[in-house]
Amino acid sequence: KAITDNEFCLFFQPKLNLRTNSINQAEVLLRWNHPVHGLIAPGAFIELAEQTGMIRDITRLVLKQTYAIITLCANQNIRLSVNLSAMDLEDFSLIDFMQTLHKQQPDASRHIVLEITESAAMRDPEQALDILNQLAAMHFQIAVDDFGTGYSSLTYLKQLPIHELKIDRSFVLEAPTDNNDKLIIDMIVSLGRLFQLEVVAEGVENQSHFDLLQEYPEVILQGYHLHRPEPLESWLEKLN
Ligand code: C2E
Ligand code: CA
Ligand code: CA
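Remember, it's a predicted structure, so these values are computed and weren't measured experimentally. (Residues numbered from 1 in each chain as written. Chains lettered and ligands numbered in written order. Predicted model: local features only at pLDDT ≥ 70, side-chain atom pairs only at ≥ 80, totals over all residues. Heavy atoms only, no water.)

Bringing the coordination of the calcium ion (ligand 2) into the picture now. Every protein donor of the calcium ion (ligand 2) is listed here as Glu27 (OE), Asn83 (OD1), Glu115 (OE) and Asp145 (OD), and their distances to the metal cover 2.1 to 2.3 Å. Read N to C, the donor residues that coordinate the calcium ion (ligand 2) are spaced as E-x55-N-x31-E-x29-D. If you look at the calcium ion (ligand 2) and the calcium ion (ligand 3), they sit 4.1 Å from each other and are both ligated by Asp145. With Asn83 in strand β4 (residues 79–83) and Asp145 in strand β6 (residues 141–147), this residue pair connects regions lying 62 residues apart in the sequence. Judged by its relative accessible area of 29%, Asn83 is partly exposed. (Donors = N, O, S within 2.8 Å, 3.2 Å for Na, K, Ca; no water. Helix = DSSP H or I, 4+ residues; strand = E, 2+ residues; numbered from the N terminus. Buried < 20%, exposed > 50% of the residue type's maximum accessible area, 1.4 Å probe, protein only.)

Another point: the site of ligand 1. For ligand 1, the set of nearby residues contains 22 residues, the closest of which are Gln13, Arg31, Asp145, Glu205 and Tyr224. Backbone polar atom of Leu30 to a nitrogen atom of ligand 1: 3.2 Å apart, as the coordinates give it. Within the side chain of Asp145, an N or O atom sits 3.0 Å from an oxygen atom of ligand 1. Those elements giving two or more residues to the shell around ligand 1 turn out to be β2 (22–34), α2 (55–75) and β6. (Near = heavy atom within 4 Å. Polar contact = N/O pair within 3.5 Å; in protein donor to acceptor, adjacent residues only side chain to side chain.)

Summed over the entire model, instances satisfying the criterion amount to 14 salt bridges. Here Arg56 and Asp91 are joined by a salt bridge, their closest N and O atoms 3.4 Å apart. Here Asp91 lies in the loop between β4 and α3 (92–104) and Arg56 lies in helix α2, a separation of 35 residues in the sequence. A relative accessible area of 3% means that Asp91 is categorised as buried. One salt bridge connects Glu202 with Lys166, and the closest N-O pair in it is separated by 3.7 Å. One end of the pair, Glu202, is in the loop between β8 (198–201) and α9 (207–213); the other, Lys166, is in strand β7 (residues 164–167), and 36 residues separate them in sequence. Across this residue pair, the class does not change: Glu202 and Lys166 are buried. (Salt bridge = Lys/Arg side-chain N within 4 Å of Asp/Glu carboxyl O.)

Rendered as structure tokens:
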């Protein structure tokens, strides 16, 4: 009902490029604007949507809404990252759906990053590889979300068409006080350098996280300390 009543909307969280001190990317984050309960974050419903299979419709809705604004963002030189769920990597009909969008707006995919988690790609690696290759062939970029928390298989760094690693926020949150987390960040940044992948650090919540990450000028930063997720209108207003 929330789908047919149009109660889902997109929020955006900008990511800061330290080198250029500019915003060239933002993550698309789903919100349920419930008529009684107000804005509901995805933590409260994504899992249920996955269990019931409704995530398929939700993913299509997010992609459709992203396509509707991608030209606007591309004109501001901003790429949008969309989260895919594990189930999406088992759904070949999603490819047909994306191919239809792609035919209508062939340039859009170059401005869209698809975020997948390690565990999602590992559920059925062969199938995931097939789907990701088809998406990469349409010029979507692929990011590995929550990197370091799953299998961190080096095989897929070699096999999958990956463009970006997202350091999980659990490492960033503890890094100022826990040297092991700092070492894990060092390692992921090195992997990024070696494999020529973009590296994003999420969960930059305060000044100490921000200060620590200055050590890695190539890393793109995302977190409440820089920008909270917000609706498109208020975000674009700030950029102008
Ligand atoms: P995620 O992909 O790891 O997204 C980042 C989450 O971290 C977002 O939560 C964001 O608001 C939050 N965050 C940003 N900065 C900070 C920070 O400094 N500190 C902390 N502690 N958190 C921060 P959100 O929007 O509640 O989304 C939660 C999760 O729901 C996402 O985690 C993602 O897995 C899922 N999700 C969100 N939108 C979608 C979607 O459109 N499709 C699917 N399949 N999943 C989505
Ligand atoms: Ca994400
Ligand atoms: Ca994440």
